[in-house]
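For reference, the chains in residue letters:
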Amino acid sequence: MSEEQIFTSIFSYVDLLFGKIKPRKLFFMAVDGVAPRAKMNQQRSRRFRTAREAKEVREKAEAKGEKLPSEKAFDSNCITPGTEFMAKLSEQLRYFINKKITEDADWREVQVVLSGHEVPGEGEHKIMEYIRLSRAQPDYNPNIRHCLYGLDADLIMLGLLSHDPHFCLLREEVKFGPAAKKKSGKCVFCLLLDAVQ
């Protein structure tokens, strides 16, 4: 896929999520920024290992004489804060948000916040920090409903730790092993309402 196709896919998926969630007041998008040093070291070693394994697979395929795709494979290492790809993504996300606000009435009715890769911290922690700061305001409505989307397992704990009575987590069903080969395409809604109370 080209970068343009990647960005287009991201935008269509964000629009799909917006349509599923149907926010009424706020739509907060947070991209992972620079992580703490220990996490950066862990991510770097994981990315180098992945790159090395991909190179080994490619070399084995070439040795067997298999036909490989002519286009260059997408390097997932570029999905790191501070890279050129992430700068382009932030720029394109800003453009996408402005376009949706001018063209789509549903987007115009809510406040849209984008916390890009240039803001330090993981995306889910930036969102939770925003919620914590909102709760500290005197005009905060304790009955407000939050819906958090993401694949990180720590979202469940973050949702429980919020102690908000109306907090839900939207995430995709992730399957491992033989079940992963079957595509279900469904989303799982984990309601944390009872657990928080």
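What you see is a predicted model, and the numbers here were worked out from it, not measured in a lab. (Residues numbered from 1 in each chain as written. Predicted model: local features only at pLDDT ≥ 70, side-chain atom pairs only at ≥ 80, totals over all residues. Heavy atoms only, no water.)

Chemist: Can you tell me about the overall build of the chain, naming the residues and giving the values?
Modeler: Along its length, the chain carries seven helices and five strands. Element order for the chain, N to C, with α for helix and β for strand: α-β-α-α-α-β-α-β-α-β-β-α. In the chain, which comprises 197 residues, the share counted as buried stands at 28%. Residue pairs at least 24 apart in sequence account for 60% of intrachain contacts in the chain once pairs closer than 6 positions are excluded. As displayed, the chain offers around 13700 Å² of accessible surface, 56% of which is attributable to carbon and sulfur atoms. (Helix = DSSP H or I, 4+ residues; strand = E, 2+ residues; numbered from the N terminus. Buried < 20%, exposed > 50% of the residue type's maximum accessible area, 1.4 Å probe, protein only. Contact = heavy atoms within 4.5 Å. Areas by Shrake-Rupley, 256 points an atom, 1.4 Å probe, with all protein chains shown as cover.)

Chemist: Give me the lowdown on the packing of helix H1 (residues 3–21) against helix H3 (residues 84–103), citing residues and values where you can.
Modeler: Packing of H1 against H3 leaves a shortest axis separation of 11 Å and a crossing angle of 45°. Relative to H3, H1 is oriented oblique. Note on packing geometry: the crossing formed by H1 with H3 is right-handed. When H1 is examined against H3, the residues Glu3, Ile6, Phe7, Ile10, Phe11, Val14 and Asp15 are found in contact with a partner set consisting of Phe85, Lys88, Leu89, Gln92, Leu93, Phe96 and Lys100. (Axes fitted to C-alpha atoms, helices over the stretch in contact; angles between N-to-C directions. Parallel < 35°, antiparallel > 145°, perpendicular 65-115°, else oblique. Left-handed = near helix turned anticlockwise from the far one by under 90°.)

Chemist: Pulling in residues and values, what's your account of the pairing of strand E4 (residues 167–172)?
Modeler: Burial analysis of E4 places five of its six residues in the buried class, the great majority of the element. As paired strands, strand E3 (residues 146–149) and E4 are joined by four bridges and run parallel to one another. By the bridge assignment, Leu148 is partnered in E4 with Leu169. For the crossover that starts at E3, traverses helix H6 (residues 154–161) and ends in the parallel E4, the hand is right-handed. (Pairing = 2+ DSSP bridges. Right-handed = clockwise from strand over helix to strand, strands pointing away.)

Chemist: Quick one: what's the story with the side chain of Lys126, residue by residue and with numbers?
Modeler: Relative to the helices and strands, Lys126 is located in helix H5 (residues 123–135). No salt bridge is formed by the buried Lys126. Its closest oppositely charged neighbour is Asp32, at 6.5 Å. A distance of 3.1 Å separates a polar atom in the side chain of Lys126 from a polar atom in the side chain of Ser115. (Lys, Arg positive; Asp, Glu negative; His and termini not counted. Salt bridge = Lys/Arg side-chain N within 4 Å of Asp/Glu carboxyl O. Polar contact = N/O pair within 3.5 Å; in protein donor to acceptor, adjacent residues only side chain to side chain.)

Chemist: Help me get a handle on the environment of Arg58, residues and values and all.
Modeler: Here Arg58 is to be found in helix H2 (residues 37–64). Relative accessible area serves as the criterion here: at 40%, Arg58 is assigned to the partly exposed category. With ten residues separating them in the primary sequence, Arg58 and Leu68 have C-alpha atoms 8.1 Å apart. Contacts of Arg58, omitting those with residues within four sequence positions, involve Leu68 and Pro69.

Chemist: Let's hear about the nonpolar core: which residues, and what values?
Modeler: Counting 18 residues, the largest nonpolar core has Val14, Phe27, Met29, Phe85, Phe96, Trp107 and Val112 as its most contacted members. Going through the elements one at a time, H1, strand E1 (26–30) and H3 are the ones with two or more residues in this core. Residue contributions to this core peak at six residues, all from H3. Contacts of Trp107, omitting those with residues within four sequence positions, involve Val14, Asp15, Phe18, Phe27, Phe96, Lys100, Ile101 and Val112. Formed by ten residues, the second largest nonpolar core is a distinct cluster that contains Val113, Leu155, Leu158 and Phe167. (Core = buried A, V, L, I, M, F, W, Y, C linked by side-chain atoms within 4.5 Å.)

Chemist: Now, about a nonpolar patch on the surface: what can you tell me, with residues and values included?
Modeler: A surface patch of nonpolar side chains, amounting to about 290 Å² of accessible area, comprises Ile156, Met157 and Leu161. In this fold, Leu161 is placed in helix H6. On the basis of relative accessibility, which here comes to 57%, the residue Leu161 falls in the exposed class. (Patch = residues over 30% accessible without salt bridge, like charges linked within 9 Å, V, L, I, M, F, W, Y side chains within 5 Å.)

Chemist: Outline the packing of aromatic side chains, listing residues and values.
Modeler: For the structure shown, the criterion picks out nine aromatic pairs. With a centroid separation of 5.0 Å and 80° between ring planes, the pair formed by Phe18 and Phe27 is classed as edge-to-face. Overall, Phe18 belongs to the buried group, its relative accessible area being 6%. With a centroid separation of 4.9 Å and 55° between ring planes, the pair formed by Phe28 and Tyr130 is classed as tilted. (Phe/Tyr/Trp six-rings, centres within 6.5 Å; stacked < 30°, edge-to-face > 60°.)

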